[in-house]
Amino acid sequence: MFSFATKTSNPNTKLGWNDRLGYGMGNFGMAWVNGMMSAFLMKYLTDVSLVDAGVVSAIIAISKLFDGVSDLIMGRIVDNTHSKLGKARVWLIRMCIPLAVSTVLLFSIPSSMTGMVNYVYVFILYNLVNAVFYTAMFVPYNSLISLSTTDSYEHGMLGNISMIFQTIANICMNTFFMKIVVSVSGAAEPYMVEAQKGWTIATIIVGIIIVVSALICVCGTMERTGAQAEDGGKPVDDVPTGQALKSLFSNRYWISMIFAMFVIFFIIVMYSAGAIYYCADVLGNYELYTPVNNALSIAQFATMFFTPFFMKKFGKHMTYMVGLVGMGIGFLGTGFAGTNVALLIICNALKGIGLGAAGGMAFGMVADTLEYGEWKDGFKVVGMGNAAISAAQKLGLGIGQVVLGWVLDFGGYSGEAAVQSDSAKAAISFIYNWLPVGMIVVTFIIMLTYRLDKELPKIQKELKERHK
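Because the structure is a prediction, the values reported are computed rather than measured.

About the cut-offs
- Residues numbered from 1 in each chain as written.
- Predicted model: local features only at pLDDT ≥ 70, side-chain atom pairs only at ≥ 80, totals over all residues.
- Heavy atoms only, no water.
- Helix = DSSP H or I, 4+ residues; strand = E, 2+ residues; numbered from the N terminus.
- Rg over C-alpha atoms; globule rule 2.2 N^0.38 Å.
- Buried < 20%, exposed > 50% of the residue type's maximum accessible area, 1.4 Å probe, protein only.
- Contact = heavy atoms within 4.5 Å.
- Areas by Shrake-Rupley, 256 points an atom, 1.4 Å probe, with all protein chains shown as cover.
- Lys, Arg positive; Asp, Glu negative; His and termini not counted.
- Charge placed at Lys NZ, Arg CZ, Asp CG, Glu CD.
- Expected span 1.5 Å × (residues − 1).
- Bend = angle between axes of the 7 residues up to and from the residue.
- Salt bridge = Lys/Arg side-chain N within 4 Å of Asp/Glu carboxyl O.
- Arc of directions from axis to C-beta.
- Phe/Tyr/Trp six-rings, centres within 6.5 Å; stacked < 30°, edge-to-face > 60°.
- Lys NZ or Arg CZ within 6 Å of the ring centre and 35° of its normal.
- Polar contact = N/O pair within 3.5 Å; in protein donor to acceptor, adjacent residues only side chain to side chain.
- pLDDT = per-residue confidence, 0-100.
- Axes fitted to C-alpha atoms, helices over the stretch in contact; angles between N-to-C directions.
- Parallel < 35°, antiparallel > 145°, perpendicular 65-115°, else oblique.
- Left-handed = near helix turned anticlockwise from the far one by under 90°.
- Nonpolar A, V, L, I, M, F, W, Y, C, P; charged D, E, K, R; others polar.
- Core = buried A, V, L, I, M, F, W, Y, C linked by side-chain atoms within 4.5 Å.

Enquirer: Help me understand the overall build of the protein chain in this model?
Expert: Summing up its helical and strand segments, the protein chain has 15 helices and zero strands in all. Relative to the globule expectation of 23 Å for 468 residues, the C-alpha radius of gyration of the protein chain, 21 Å, shows essentially globular dimensions. Principal-axis analysis of the C-alpha atoms places the extent of the protein chain at approximately 70 × 40 × 40 Å. Counting all 468 residues of the protein chain, 63% fall into the buried class. A fraction of 83% describes how many contacts in the protein chain between residues 6 or more apart in sequence connect residues 24 or more apart. Accessible surface, the protein chain: about 17100 Å² in total, of which carbon and sulfur atoms supply 70%. Once the 31 positive and 28 negative side-chain charges of the protein chain are each reduced to a mean point, those two points are 9 Å apart.

Enquirer: How do you make sense of helix 9 (residues 289-303) when you look at a structure like this?
Expert: An α-helical turn contains 3.6 residues, so any two residues separated by three or four positions project in the same direction. For helix 9, built from 15 residues, the straight-helix expectation of 21 Å at 1.5 Å per residue is met to within 8% by its first-to-last C-alpha distance of 21 Å. Of all the bends in helix 9, the greatest, near 25 degrees, is centred on Ala-295. Listed as buried for helix 9 are Tyr-289, Val-292, Asn-293, Asn-294, Ala-295, Leu-296, Ser-297, Ala-299, Gln-300 and Thr-303. Those residues of helix 9 that are buried lie in contact with helix 1 (17-48), helix 5 (152-185), helix 8 (252-282), helix 10 (307-314), helix 12 (341-377) and helix 14 (422-447).

Enquirer: Even after reading the chapter, I still don't get the pattern of salt bridges, so can you show me in this structure?
Expert: Charged atoms that come close allow side chains of opposite charge to pair. Under the counting rule described, the total for this entry stands at nine salt bridges. Residue Arg-89 pairs with Glu-223 through a salt bridge whose shortest N-O separation is 3.7 Å. Taken together, the residues span a long stretch of sequence, with Arg-89 in helix 3 (residues 89-106) and Glu-223 in the loop between helix 6 (196-220) and helix 7 (241-249) at a distance of 134 residues. Residue Arg-89 shares its accessibility class with Glu-223, and that shared class is buried. Where salt bridges share partners, they join Lys-43, Asp-47 and Asp-281 into one cluster.

Enquirer: What's the story with helix 7 in this structure? I'm lost.
Expert: Burial in helix 7 covers these residues: Ala-244, Ser-247 and Leu-248. Buried residues in helix 7, looked at end-on, bunch into an arc of 95 degrees, giving them a common side. Exposed positions of helix 7 whose direction lies more than 90 degrees from the buried face are Gly-242, Lys-246 and Phe-249. Residues of helix 7 that are buried sit in contact with helix 2 (53-80), helix 8, helix 12 and helix 13 (382-410).

Enquirer: Quick question: what am I supposed to make of the packing of aromatic side chains here?
Expert: Each pair of aromatic rings is reported with the distance of its centres and the angle of its planes. Considering all chains together, one arrives at 22 aromatic pairs under this definition. Measuring from centroid to centroid gives 5.4 Å for Phe-249 and Trp-254, while their planes differ by 80 degrees, and the two rings are edge-to-face. Residue Phe-249 is classed as exposed on the basis of its relative accessible area, which comes to 54%. In this arrangement the basic side chain of Arg-94 is found over the ring face of Trp-91, its NZ or CZ atom lying 4.5 Å from the centre. The side chain of Lys-313 reaches across the aromatic face of Phe-314, ending 5.7 Å from its centre.

Enquirer: Is there a simple way to think about the side chain of Thr-221 in this case?
Expert: By the secondary structure assignment, Thr-221 is in the loop between helix 6 and helix 7. Judged by relative accessible area, which is 2%, Thr-221 ranks as buried. Here Cys-217 takes part through its backbone oxygen, which lies 2.8 Å from a polar atom of the side chain of Thr-221.

Enquirer: When you look at the confidence of the model for the protein chain in this model, what are you seeing that I'm missing?
Expert: Caution applies to low-pLDDT parts of the model: their predicted coordinates are not meant to be read in detail. Of the residues in the protein chain, 96% have a pLDDT of 70 or more, and the chain-wide mean is 85. This model gives residues 227-237 a pLDDT under 50, and the stretch forms 27 contacts once residues within four places in sequence are excluded.

Enquirer: Help me out: how do you make sense of the packing of helix 5 against helix 9 in this one?
Expert: Helix-helix packing is described using two parameters, namely the angle between the two axes and the distance between the axes. Viewed as axis vectors pointing N to C, helix 5 and helix 9 meet at an angle of 165 degrees, and their least axial separation amounts to 9 Å. As the angle between them shows, helix 5 and helix 9 are arranged roughly antiparallel. Helix 9 is crossed by helix 5, and the crossing has left-handed handedness. Of helix 9, the residues touching helix 5 (which contributes Met-163, Ile-164, Thr-167, Ile-168, Asn-170, Ile-171, Asn-174 and Thr-175) are Tyr-289, Thr-290, Asn-293, Asn-294, Ser-297, Ile-298, Gln-300 and Phe-301. Partitioning the contact of helix 5 with helix 9 into residue classes produces seven nonpolar, nine polar and no charged.

Enquirer: Help me understand the side chain of Ser-148, please; the structure alone is not making it clear to me.
Expert: Structurally, Ser-148 can be placed in helix 4 (residues 115-148). Excluding residues within four positions of it along the chain, Ser-148 makes contact with Leu-15, Leu-158, Met-222, Arg-224 and Thr-225.

Enquirer: Can you walk me through the environment of Leu-332 in this structure?
Expert: With respect to the secondary-structure elements, Leu-332 resides in helix 11 (residues 316-337). Distance in space between the C-alpha atoms of Leu-332 and Pro-436 is 9.1 Å, their sequence separation being 104 residues. Excluding residues that lie within four positions of it along the chain, Leu-332 makes contacts with Trp-434 and Val-437.

Enquirer: Any chance you could explain unusual backbone geometry here in plain terms?
Expert: Comment: phi is negative for the bulk of residues other than glycine, and the bulk of peptide bonds are trans. Its identity is not glycine, yet Leu-50 carries a phi of approximately 60 degrees, on the positive side. The residue Leu-50 is located in the loop between helix 1 and helix 2 in this model.

Enquirer: Got a minute to help me understand the nonpolar core in this structure?
Expert: Side chains that are nonpolar tend, in soluble globular proteins, to be buried together. In this structure, Phe-40, Phe-177, Trp-199, Tyr-320 and Leu-404 are the most contacted members of the largest nonpolar core, which totals 152 residues. If you tally residues by element for this core, the top one is helix 8, at 22 residues. Once you skip the residues sitting within four places of it in the chain, Leu-404 turns out to touch Met-42, Val-269, Met-270, Ala-273, Tyr-277 and Ile-431.

As structure tokens, this is what we get:
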């Protein structure tokens with residue numbers, strides 16, 4: 001198969017920019033799905049398909065039961081995969097088309113479909129997208145960080161590059177998606193029943209992006225470590241599922257990072273989906289969503305070009321903690337900004353700076369925790385260890401949407417109302433501004449106990465001695 005990855009099989013190698021950019025492209029496609037599920041799905045279901053917000057929340061809550069199980073299953077599948085392309089990349093090829101098709105179907109609910117049939121359709125498609133096909137791509141994708149190289153700096157660099165491409169996807173989505181929906185459908189606004197044709201066409205374009213991005217990622221990466229190392233190098237031991245789970249849940253650093261990942265994606269729902277409601281119903285103009293959220297995404301994008309330098313000088317953990325502080329200040333700022341659009345944009349830029357620093361480090365930090373686990377237990381659980389990233393992301397997005405729906409329902413939000421009540425606006429403000437602040441404070445306290453940056457050089461030195 002055609003490949004433009006760096007032609008070296010050394011598991012300790014420093015990666016070239018072709019590998020880094022190839023890896024980042026994998027998340028560019030999946031980020032569109034991630035963004036649509038977190039930012040648009042609830043609003044689409046409540047205002048275009050006219051599904052009750054409380055019912056949508058219940059569907060998502062029930063679906064979370066499948067998510068955790070599917071992530072662990074996929075992680076185990078990755079660990080046991082044997083193919084010419086290795087453990088992970090083969091799944092990107094196998095699952096990109098199913099993910100694209102199911103995403104189109106989820107955002108193409110026929111107007112004639114009402115009542116219980118509508119709810120069943122949403123339940124089935126939501127789980128196919130989220131618990132099956134997205135999982136079957138995202139778990140292998142995250143495993144590629146550990147499978148590409150054992151170098152700790154490259155772990156951080158790949159995580160940062162992945163977030164850069166995710167942010168580029170978010171900027172493109174914020175800027176163009178709604179415009180496509182409106183222009184194709186001819187509706188006055190995207191959140192109208194008449195806009196359904198536009199949603200279908202726009203999502204088909206997203207599906208094409210998913211497939212092309214996955215293929216570029218496969219061609220631009222190489223698996224150099226693990227049981228399926230392409231150079232026939234030293235394999236990672238296969239271990240029983242119970243032993244693998246015991247290793248992970250006795251790894252305190254891994255547990256801390258999984259919680260931190262959950263919080264990041266929970267907050268993403270609050271500022272992305274919350275922003276749509278805030279702009280449309282509090283500020284009274286849905287078109288403000290583009291400049292408000294792009295302020296965050298552009299600031300995040302710019303910040304992640306500098307985080308590798310901070311990471312090299314101060315370490316992943318310190319960069320991550322500074323990012324949490326920046327995010328917290330940004331959310332506090334928007335809470336006090338009210339309807340001042342200029343101040344909202346400035347505070348969202350602060351959120352973006354914080355998210356760029358924290359989010360850019362998180363994926364690399366998870367890969368480091370797996371190195372710690374191998375040092376501690378004598379084997380590395382790559383697939384299942386990275387499956388938890390997918391689980392944390394989807395639980396964060398899913399529970400975030402559940403909380404979003406419940407709070408909106410409690411506040412009396414109605415998708416058919418021309419103007420929302422004061423209680424509904426207060427509920428939107430709580431979601432968009434104050435709830436994320438509390439989550440950030442809890443995460444900051446937990447991450448004060450993270451010491452792996454200081455321990456890792458000694459750990460990796462001992463691991464290299466073992467592998468000789």
